[in-house]
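Coordinate analysis (summary)
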Amino acid sequence: MGQEHKPRVFRSSQERRAEIIEAAFQCLQEYGYAKLTARKIAEHSNIALGHITYHFKDMKEVLVETYRYASMTLFEATQQDLSRSPNSPIDQLRVFLGTGFSKAFLKRDYLRVRIDLWSAALAHDDIAVVERELYERYRSRLTELLRNVAAVRGCGPEKVQPLADTIMATLEGLWLDWERRHNETAIHNGLEGCIALANAMLLEA
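Residues numbered from 1 in each chain as written. Predicted model: local features only at pLDDT ≥ 70, side-chain atom pairs only at ≥ 80, totals over all residues. Heavy atoms only, no water.

**As for the side chain of Arg139**
For the record, the criterion: The helix count covers DSSP runs of H or I at least four residues long, the strand count covers runs of E at least two residues long, and both are numbered beginning at the N terminus. For this analysis, residues touch if any pair of their heavy atoms sits within 4.5 Å.
Turning to its location among the elements, Arg139 is positioned in helix α8 (residues 125-152). Those residues in contact with Arg139 that sit more than four places away from it in its chain are Gln161, Ala164, Asp165 and Met168.

**Topic: the pattern of salt bridges**
Test applied: Basic side-chain nitrogens of Lys or Arg form a salt bridge, by our definition, when they fall within 4 Å of a carboxyl oxygen of Asp or Glu. Burial classification: accessible surface area is computed with a 1.4 Å probe over protein chains only, and a residue below 20% of its type maximum counts as buried, one above 50% as exposed, and the rest as partly exposed.
One pass over the full model with this rule turns up 14 salt bridges. In this structure, the salt-bridge partner of Arg68 is Glu133, at a minimum N-O distance of 3.0 Å. Of the two residues, Arg68 is situated in helix α4 (residues 59-84) and Glu133 in helix α8; the sequence distance between them amounts to 65 residues. With a relative accessible area of 34%, Glu133 lands in the partly exposed category. With its nearest N and O atoms 2.9 Å apart, the salt bridge here joins Arg132 to Glu136. Linking Arg132 with Glu136, this pair stays in helix α8, spanning four residues, or about one helical turn. Overall, the relative accessible area of 49% leaves Arg132 in the partly exposed class. Residue class for Glu136 comes out partly exposed when judged on its relative accessible area of 29%. Salt bridges linked by common partners bring Glu65, Arg68 and Glu133 together as one network.

**Describing the state of the cysteines**
Put simply, the test is: The criterion for a disulfide is a pair of cysteine sulfur atoms lying within 2.5 Å.
Here the structure, examined in full by the defined rule, presents zero disulfides. The thiol of Cys155 is not disulfide-bonded; the next cysteine sulfur, from Cys194, is found 17 Å away.

**A short note on helix α9 (residues 160-181)**
Owing to its 3.6 residues per turn, the α-helix brings residues three or four apart onto one side. Quick note on the threshold: One less than the residue count of a helix, multiplied by 1.5 Å, gives the span that helix is expected to have.
Along its 22 residues, α9 runs 31 Å from first to last C-alpha, staying within 8% of the 32 Å computed at 1.5 Å per residue. Residues Val160, Leu163, Ala164, Ile167, Met168, Leu171, Leu174, Trp175, Asp177 and Trp178 constitute the buried set of α9. Immediately downstream of α9, the backbone of His182 shows phi near 55 degrees, a positive value.

**Here's the deal with the packing of aromatic side chains**
Geometry of an aromatic ring pair is reported as the spacing of the ring centres plus the angle between the planes. Using the following cut-off: We call Phe, Tyr and Trp rings a pair once their centres come within 6.5 Å, taking the six-membered ring for Trp, and we label the pair stacked below 30 degrees between planes, edge-to-face above 60, and tilted otherwise.
Tallied over the entire structure, the rule returns five aromatic pairs. Centroid distance Phe101 to Trp175: 4.9 Å. Interplanar angle 15 degrees. Geometry classified as stacked. Of this pair, Phe101 sits in the loop between α5 (89-99) and α6 (103-106) while Trp175 is found in helix α9, placing the two residues 74 residues apart along the sequence. On the basis of relative accessible area, Phe101 is assigned to the buried category, the value being 8%. Exposure remark for Trp175: the relative accessible area of 5% places this residue in the buried category.

Okay, here's the thing in structure tokens:
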């Protein structure tokens, strides 16, 4: 009997790009940005090196799309949690802030990727553009939720932007603090502090 051959699987260009991006994300978790190479991605995903050079113009583009993938994973999880949360604007705000600090996103490997890609954004303009785009998307959603809180309380919108600035800075500090100390109480206190600040600033006019 002849050797049995497995049917060849054909993937679209979009599917192949997604496969490479997922492999790059996993390699970043394992090796970090400084040691990431196309060869390691190819070995990790068991695909030919030529597929990477065919579907991406260079490693910067791979990093850009991997950054987008990592950030969109958080954004989509946040949207899903919001769709299941109570309708109260302050409860929606609490859920929005909390999703980014759920166990899935506090894993060391995921945080390593985020911090590595933040560093890459300092060195590569293309990555910096995407980082800014995704930051603004997240911040816009936060601002929308804060406006909802202000609206139901009859508070003017002038305090929303300063509050959004403060909360965004606090969230980024909490991620870095978690990477350093892994203190769940500090995370809880920081998030509750954001809610307390929102309650204090968005009082009835």
